[in-house]
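Reading the structure
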Amino acid sequence: MPEGPSILFLKNKLQRYKGKTVSKASGYGDMEKSGLENKKLLDIDTFGKNFLFIFKDFFVTVHLGLFGRMLVNKRKKVNASFALHFGEDEINFYVAKSKLFAGKPADHFNFKTDIMKPEFDADFVLNELLTNHAEQMIGDVLMDQNLFAGVGNIIRVESLYHAKIHPDSIVKEIPEKKLIFLLRMVVDYAEEFLNLMKTDSVKESALVYGKKTCPKDKKELLIAEMGKVKRKTYVCEKCQKLYK
Ligand SMILES: [Zn+2]
């Protein structure tokens, strides 16, 4: 599944369509598309793992699924689930969900939770963690898109390793200082992820994700589908402390 930085990376390739008028919207997705025709695309943004196509009184979100892809001026053999046409040009989304919203993105989404945005507010997220998610396992909460918009499995696994926290740790048992450090690791690693995308080296540069041993002590990693999220997790049980 694409993570926040992957979506931002793809979005940056679409800048030339900003200010252009949509000639047609198509795709087999069930979103009503006729309202987009002949409308000027004012801006393209992201929220977490969503693309945002912003028009005057409404916007469209596009979320890529596990095998989702975006192609510009290229087509796959299968039909796109959503596509925007600008005359001869087209942006095609495959295995994607599109949704139309009235108003502005800020009316619907809390940008304080978006790990890729300057608006990300670590104090706000920390407070939410301690008040509404205190009993949960940190490895699960990190995947909650309402609190950590843009975090996917690689960011989750790598930032927990950087912060030396075991994913099964209960939020309220983790020292506050460690939680603050974890939030910083999430944001820092997401930025590194975005840079690594330019050379297509996210996976080879990962410290534990997709690896077999801890780079620090060579101990064999615990690799399992952990927590309620049941996502493949890589943990060094020597380096990452379990707070329970
Ligand atoms: Zn280790």
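Residues numbered from 1 in each chain as written. Predicted model: local features only at pLDDT ≥ 70, side-chain atom pairs only at ≥ 80, totals over all residues. Heavy atoms only, no water.

This part is about helix α1 (residues 4-11). Taking burial as the measure, the eight residues of α1 include eight buried ones, the bulk of the element. Among the residues of α1, those classed as buried are Gly4, Pro5, Ser6, Ile7, Leu8, Phe9, Leu10 and Lys11. The secondary structure elements touched by the buried residues of α1 are β2 (43-47), β3 (50-54), β4 (58-72), α5 (153-162) and α6 (176-197). (Buried < 20%, exposed > 50% of the residue type's maximum accessible area, 1.4 Å probe, protein only. Helix = DSSP H or I, 4+ residues; strand = E, 2+ residues; numbered from the N terminus. Contact = heavy atoms within 4.5 Å.)

A grouping of Lys13, Arg69, Lys74 and Lys76 is seen on the molecular surface, where their side chains present a positively charged patch. Mapped onto the secondary structure, arginine 69 falls in strand β4. (Patch = residues over 30% accessible without salt bridge, like charges linked within 9 Å, V, L, I, M, F, W, Y side chains within 5 Å. Areas by Shrake-Rupley, 256 points an atom, 1.4 Å probe, with all protein chains shown as cover. Salt bridge = Lys/Arg side-chain N within 4 Å of Asp/Glu carboxyl O. Lys, Arg positive; Asp, Glu negative; His and termini not counted. Charge placed at Lys NZ, Arg CZ, Asp CG, Glu CD.)

Turning our attention to the pairing of strand β5 (residues 82-86). Counting buried positions along β5 yields five of five residues, so the element is predominantly enclosed. Of the two faces of β5, the one carrying Phe82, Leu84 and Phe86 and the one carrying Ala83 and His85 are both buried. Where β5 lies against strand β6 (residues 89-102), five bridges are found, and the strand directions are antiparallel. Within β6, the position partnered with phenylalanine 86 by the bridge is aspartate 89. Here β5 hands over to β6 after two residues, with glycine 87 in that stretch at a positive phi of 60 degrees. (Pairing = 2+ DSSP bridges.)

Our next topic: the coordination of the zinc ion. The expected angle between donors at a tetrahedral four-coordinate metal is 109.5 degrees. At an octahedral six-coordinate metal it is 90 or 180 degrees. Surrounding the zinc ion are the protein donor atoms Cys214 (SG), Asp217 (OD), Cys236 (SG) and Cys239 (SG), at 2.2 to 2.3 Å. Each donor residue of the zinc ion belongs to the same chain, with the gaps between them written as C-x2-D-x18-C-x2-C. Placement of cysteine 214 in the loop between α7 (202-205) and β7 (222-226) and of cysteine 239 in the segment after β8 (231-235) is noted, with a sequence separation of 25 residues between them. (Donors = N, O, S within 2.8 Å, 3.2 Å for Na, K, Ca; no water.)

Quick look at a nonpolar patch on the surface now. Together, Leu66, Phe67 and Val95 make up a nonpolar patch on the protein surface, roughly 330 Å² of accessible area in all. Topologically, leucine 66 is positioned in strand β4.

All right, on to the environment of tyrosine 189 then. The topology assignment puts tyrosine 189 in helix α6. Among residues more than four places away in sequence, those in contact with tyrosine 189 are Ile154, Ile155, Glu158, His162 and Val202.

Our focus in this paragraph is unusual backbone geometry. Note: most peptide bonds trans; most residues except glycine with negative phi. Positive phi, close to 65 degrees, is recorded for asparagine 38, a residue that is not glycine. For lysine 164, which is not a glycine, the phi torsion comes out positive at approximately 60 degrees. Relative to the helices and strands, lysine 164 resides in the loop between α5 and α6. Among the residues examined, lysine 164 registers a relative accessible area of 38% and is labelled partly exposed.

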